[in-house]
Amino acid sequence: MTGLSRARVARRIAAGAAYGGGGIGLAGAATVGLLMAEAQLARRRVGNGTTPHVPNADGLYGAAYTVPGEPALRLTMLGDSTAAGQGVRRAGQTPGALLASGLAALAERPVGLSTVAAPGACSDDLDRQVTQALADPSRVPDVCVIMVGANDVTHRMPPTQSVRHLSSAVRRLRTAGAEVVVGTCPDLGTIEPVWQPLRWLARRASRQLAAAQTIGAVEQGGRTVSLGDLLGPEFAANPRELFGPDSYHPSAEGYATAAMAVLPTVCAALGLWPAEEERPDAARREGFLPVARAAAEAASEAGTEVTAAMPAGARGRWALLKRRRRRRVTEAEPEPSTQPS
């Protein structure tokens with residue numbers, strides 16, 4: 001599918017989500033029987049992508065940066081098993097811990113991490129998670145990271161519903177005063193046990209949903225980062241290194257790759273990224289595009305950020321597409337104080 005075609009499909013899905021349209025299928029009816037048969041085979045080989053242990057990474061990171069009278073930044077993780085860190089053994093290997101420690105180092109402030117993400121969650125669980133994240137009005141997160149979408153594809157949730165739930169979550173968080181960064185649906189076409197033609201269908205569905213998620217999130221004031229590399233070309237080339245033991249969830253190295261892609265956008269959302277890097281760089285193919293075009297391009301290239309750029313015009317909302325330089329993040333452990341500030 002070309003970028004323009006993907007942009008049109010993403011715009012239709014996002015419009016359906018915004019105006020209450022019905023589901024727009026990601027695969028034709030003629031392929032559903034084959035898709036379901038292949039999915040059952042893949043599910044047996046993957047083992048449903050479940051592992052019994054999800055490390056609890058919540059706590060305070062970067063306590064050495066504490067300054068009397070200056071509160072810690074608050075980071076909240078929402079979404080599915082990818083946001084929770086399912087598939088690794090230690091808390092410091094989860095994306096939340098990696099982001100919290102990286103943010104603390106770059107901001108030179110402690111960061112309190114809270115995780116409300118739930119393994120197995122689809123986008124329709126975000127309403128509950130947002131309610132939990134905003135339960136204490138005096139402790140609204142400074143920034144929320146949402147990683148969701150893979151289960152929507154595998155459970156065949158209509159993409160208009162997926163985007164509607166995500167857009168609502170972003171709107172509620174932004175209204176409360178939190179910055180929001182969405183890691184869009186990863187490329188499921190590279191899960192090792194998945195065969196053709198399911199692999200091709202999964203890739204197509206994943207990228208279409210990722211593009212539509214971008215439109216929905218950006219239109220509600222959030223930023224998005226494509227997580228195609230989470231299960232994308234880098235993972236396909238190094239499956240034993242970047243997939244976890246269940247061949248479905250990322251390994252510690254895989255989560256570090258994802259955290260590296262998201263961290264620059266988290267910092268930019270909080271005004272912590274160097275000012276000179278906020279301007280689009282033509283050498284890196286950055287620039288202003290209609291949001292649907294930007295969303296389609298981002299879905300095809302992991303680590304690409306999309307954020308609202310200017311008020312909507314005759315051609316709709318415009319967005320800034322950025323390819324930020326990644327900062328290396330390494331395994332982190334919370335400080336002795338385990339309660340977020």
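Every value quoted in this text rests on a predicted model; they were computed, and no experiment measured them.

1. Some thoughts on the pattern of salt bridges
Oppositely charged side chains may form a pair once their charged atoms are brought near each other.
(1) Moving on: For the structure shown, the criterion picks out 12 salt bridges.
(2) Moving on: The partner of Arg223 in a salt bridge is Glu305, and the shortest N-O contact between them spans 3.1 Å. Taken together, the residues Arg223 in strand 6 (residues 223-225) and Glu305 in strand 8 (residues 305-313) connect sequence positions 82 residues apart.
(3) Moving on: On the basis of relative accessibility, which here comes to 17%, the residue Arg223 falls in the buried class.
(4) Moving on: Residue Arg323 is joined to Glu297 by a salt bridge in which the shortest nitrogen-to-oxygen separation is 3.6 Å. Of this pair, Arg323 sits in the segment after strand 9 (316-322) while Glu297 sits in helix 12 (residues 291-299), placing them 26 residues apart in sequence.
(5) Moving on: Through salt bridges that share partners, Asp281, Arg284, Glu286 and Lys322 make up one connected network.

2. A closer look at the nonpolar core
(1) Moving on: Counting residues in hydrophobic clusters, the biggest one holds 36 residues, and the most contacted among them are Leu75, Met77, Leu99, Leu103, Val145 and Val262.
(2) Moving on: Secondary structure elements with two or more residues in this core: strand 2 (73-79), helix 3 (81-84), helix 4 (95-107), strand 3 (111-115), strand 4 (143-147) and helix 11 (252-269).
(3) Moving on: No other element matches the 10 residues that helix 11 contributes to this core.
(4) Moving on: Discounting chain neighbours no more than four positions away, the residues touching Leu75 are Gly96, Leu99, Ala100, Val111, Gly112, Leu113, Ser114, Val143 and Val145.

3. Here's the deal with the confidence of the model for the chain
(1) Moving on: Residue-level pLDDT values for the chain average 79, and 69% of them are 70 or greater.
(2) Moving on: Across residues 22-37, where pLDDT falls below 50, the model places 20 contacts with residues more than four positions away in sequence or in other chains.
(3) Moving on: Of the regions scoring below 50 in pLDDT, residues 231-235 engages in 19 contacts with residues more than four places distant in sequence or in other chains.

4. Focus: the packing of helix 5 (residues 126-133) against helix 7 (residues 159-176)
(1) Moving on: Relative orientation of the contacting elements helix 5 and helix 7 amounts to 15°, with a least axis distance of 9 Å. Taken together, the axes of helix 5 and helix 7 lie roughly parallel to each other. Where helix 5 crosses over helix 7, the two elements pack in a sense that is right-handed. From helix 5, Leu126, Asp127, Val130 and Thr131 reach across to helix 7, where they touch His165, Leu166, Ala169, Arg172 and Leu173.
(2) Moving on: Each residue belonging to the contact of helix 5 with helix 7 can be placed in one class, and the counts come to 5 nonpolar, 2 polar and 2 charged.

5. Details of unusual backbone geometry
(1) Moving on: Even without being glycine, Glu108 reaches a positive phi, approximately 55°.
(2) Moving on: With respect to the helices and strands, the residue Glu108 is situated in the loop between helix 4 and strand 3.
(3) Moving on: The residue Arg156 is not glycine, and still its phi comes out positive at about 60°.

6. Topic: the pairing of strand 5 (residues 179-183)
Each regular strand shows side chains that alternate between the opposite faces of the sheet.
(1) Moving on: Counting buried positions along strand 5 yields 4 of 5 residues, so the element is predominantly enclosed.
(2) Moving on: Relative to strand 5, strand 4 is paired through 5 bridges, and the arrangement is parallel. Within strand 5, the position partnered with Met147 by the bridge is Gly183.
(3) Moving on: The pairing of strand 5 with strand 6 spans 3 bridges and is classified as parallel. Across the sheet, residue Val181 finds its bridge partner in strand 6, namely Arg223.

7. Looking at helix 12
Along an α-helix, a turn takes 3.6 residues, which lines up residues three or four apart on a common side.
(1) Moving on: Most of helix 12 is tucked away: 7 of the 9 residues are buried.
(2) Moving on: Regarding helix 12, the residues found buried are Val291, Ala292, Ala294, Ala295, Ala296, Ala298 and Ala299.

8. Some words on the side chain of Gln129
(1) Moving on: Within the element layout of this structure, Gln129 appears in helix 5.
(2) Moving on: Taking relative accessible area as the criterion, Gln129 reaches 0% and is therefore assigned buried.
(3) Moving on: At 2.7 Å, the side chain of Gln129 and the backbone nitrogen of Gly79 are in polar contact.
(4) Moving on: Excluding its chain neighbours within four sequence positions, the residues that come into contact with Gln129 are Leu78, Gly79, Val116, Ala117, Ala118 and Ala121.

9. Let's talk about helix 11
(1) Moving on: Here helix 11 spans 25 Å end to end across 18 residues, near enough to the 26 Å set by a 1.5 Å rise per residue.
(2) Moving on: Val262 marks where helix 11 bends most, by close to 30°; the proline Pro264 follows one to four residues later.
(3) Moving on: The element helix 11 is largely enclosed, with a buried count of 16 among its 18 residues.

10. Section: the environment of Asn151
(1) Moving on: Here Asn151 is to be found in helix 6 (residues 150-154).
(2) Moving on: With 32 residues separating them in the primary sequence, Asn151 and Pro119 have C-alpha atoms 9.5 Å apart.

Definitions and cut-offs
- Residues numbered from 1 in each chain as written.
- Predicted model: local features only at pLDDT ≥ 70, side-chain atom pairs only at ≥ 80, totals over all residues.
- Heavy atoms only, no water.
- Salt bridge = Lys/Arg side-chain N within 4 Å of Asp/Glu carboxyl O.
- Helix = DSSP H or I, 4+ residues; strand = E, 2+ residues; numbered from the N terminus.
- Buried < 20%, exposed > 50% of the residue type's maximum accessible area, 1.4 Å probe, protein only.
- Core = buried A, V, L, I, M, F, W, Y, C linked by side-chain atoms within 4.5 Å.
- Contact = heavy atoms within 4.5 Å.
- pLDDT = per-residue confidence, 0-100.
- Axes fitted to C-alpha atoms, helices over the stretch in contact; angles between N-to-C directions.
- Parallel < 35°, antiparallel > 145°, perpendicular 65-115°, else oblique.
- Left-handed = near helix turned anticlockwise from the far one by under 90°.
- Nonpolar A, V, L, I, M, F, W, Y, C, P; charged D, E, K, R; others polar.
- Pairing = 2+ DSSP bridges.
- Polar contact = N/O pair within 3.5 Å; in protein donor to acceptor, adjacent residues only side chain to side chain.
- Expected span 1.5 Å × (residues − 1).
- Bend = angle between axes of the 7 residues up to and from the residue.

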